[in-house]
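# Structural overview for review
Okay, here's what each chain looks like letter by letter:
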Amino acid sequence: MKDSICRDNVYMVRCGETALKGRNKPYFERTLVKRIKQVLKDAGETDVERRDGLILVRAADSASREEILSKVGLVFGVDSVSPALEMKIEGMEPEAVLSELGNAAASYMSALIEARGTKTFKVDAKRADKAFPILSPEIARRVGGSILKSCSGLKVDVHSPECLLFVSVRRG
């Protein structure tokens, strides 16, 4: 993968019940961003951004993954926080995007197999950018296929996977 299009040490934060807040939702999301910034003030350089109902945390490469996951996970209003890989896909052909996504997912799963002995997985995909021409089920199928080709011994389990890999195609 090219370093210019890919960034590690990124985290996707999902908000709890802010969706129920109606017109106050932006206020609650901004408050969550402030709280996350506050708990991460000692974690080194971080960037916290609110986008499309999610909060993205970008941390310096030297920041501890475990520290960020545990601190952000304890913030009131945070439903979940997951490690993520951010890729810049502007200007890329859809097939090239899927190839890069597949390679990144296979690399991630290889590391997970090594670290945890993971044996089953499932890929879920969401195409928040509706201008992207490949539909979500096809994205999930193709990324899953790349993982299966690269990671021998790994099996798909759509009901109770050890690892749920979420692919989100977004603008910006």
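Right above here is the structure, for reference.
Note that this is a predicted model, so its numbers are computed, not measured. Throughout, a residue's number is its position along its own chain's written sequence, starting from 1. Per-residue local features of the predicted model are confined to residues with pLDDT of at least 70, and side-chain atom pairs are confined, for both listing and counting, to 80 or more; whole-chain, interface and lining totals are unaffected and use all residues. Side-chain metrics rest on all non-hydrogen atoms present in the structure, leaving aside hydrogens and water.

Moving on to the sheet that holds strand β6 (residues 155–156). Paired strands, in this sense, are two strands between which DSSP finds at least two bridges. The numbering of helices and of strands both runs from the N terminus, where a helix is a DSSP run of H or I of at least 4 residues and a strand a run of E of at least 2. If you trace the three strands from one edge of the open sheet to the other, you get β6-β5-β7, paired in parallel fashion. The open sheet is flanked by β6 and β7 (163–169), the only strands paired with a single partner. Where strand β5 (residues 120–127) lies against β6, two bridges are found, and the strand directions are parallel. By the bridge assignment, Phe-121 is partnered in β6 with Val-156. The contact definition used throughout considers only heavy atoms, calling two residues in contact when any of these lie within 4.5 Å. The axes are straight lines fitted to the C-alpha atoms, using for helices just the contacting stretch, and the angles between their N-to-C directions are given from 0 to 180°. Across the sheet, helix α4 (residues 136–150) lies against β5, β6 and β7, angled at about 145° from β5, the strand it touches most.

As a further point, take the environment of Leu-154. Looking at the secondary structure, you find Leu-154 in the loop between α4 and β6. Here the term buried applies to any residue with accessible area under 20% of the maximum for its type, exposed to any over 50%, and partly exposed to those in between, with areas from a 1.4 Å probe on protein chains only. Leu-154 gets classed as buried once you look at its relative accessible area, which sits at 6%. Residues Leu-154 and Ile-113, 41 residues apart in the sequence, show an inter-C-alpha distance of 8.4 Å.

Turning next to the pairing of strand β2 (residues 46–51). Bridge count for β2 against strand β3 (residues 54–59) is six bridges, and the pairing is antiparallel. Across the sheet, Thr-46 pairs through a bridge with Ala-59, a residue of β3. Between β2 and β3, which pair antiparallel in sequence order, lie two residues; one of them, Asp-52, sits at a positive phi of approximately 55°.

Another aspect to go through is the packing of aromatic side chains. Here a pair means two rings of Phe, Tyr or Trp (six-membered ring of Trp) with centres within 6.5 Å. Their orientation is stacked below 30 degrees between planes, edge-to-face above 60, and tilted elsewhere. Tallied over the full model, the rule gives one aromatic pair. Each ring, one from Tyr-27 and one from Phe-28, has its centre 5.3 Å from the other, and the planes form 75°; the classification is edge-to-face. Overall, the relative accessible area of 32% leaves Phe-28 in the partly exposed class.

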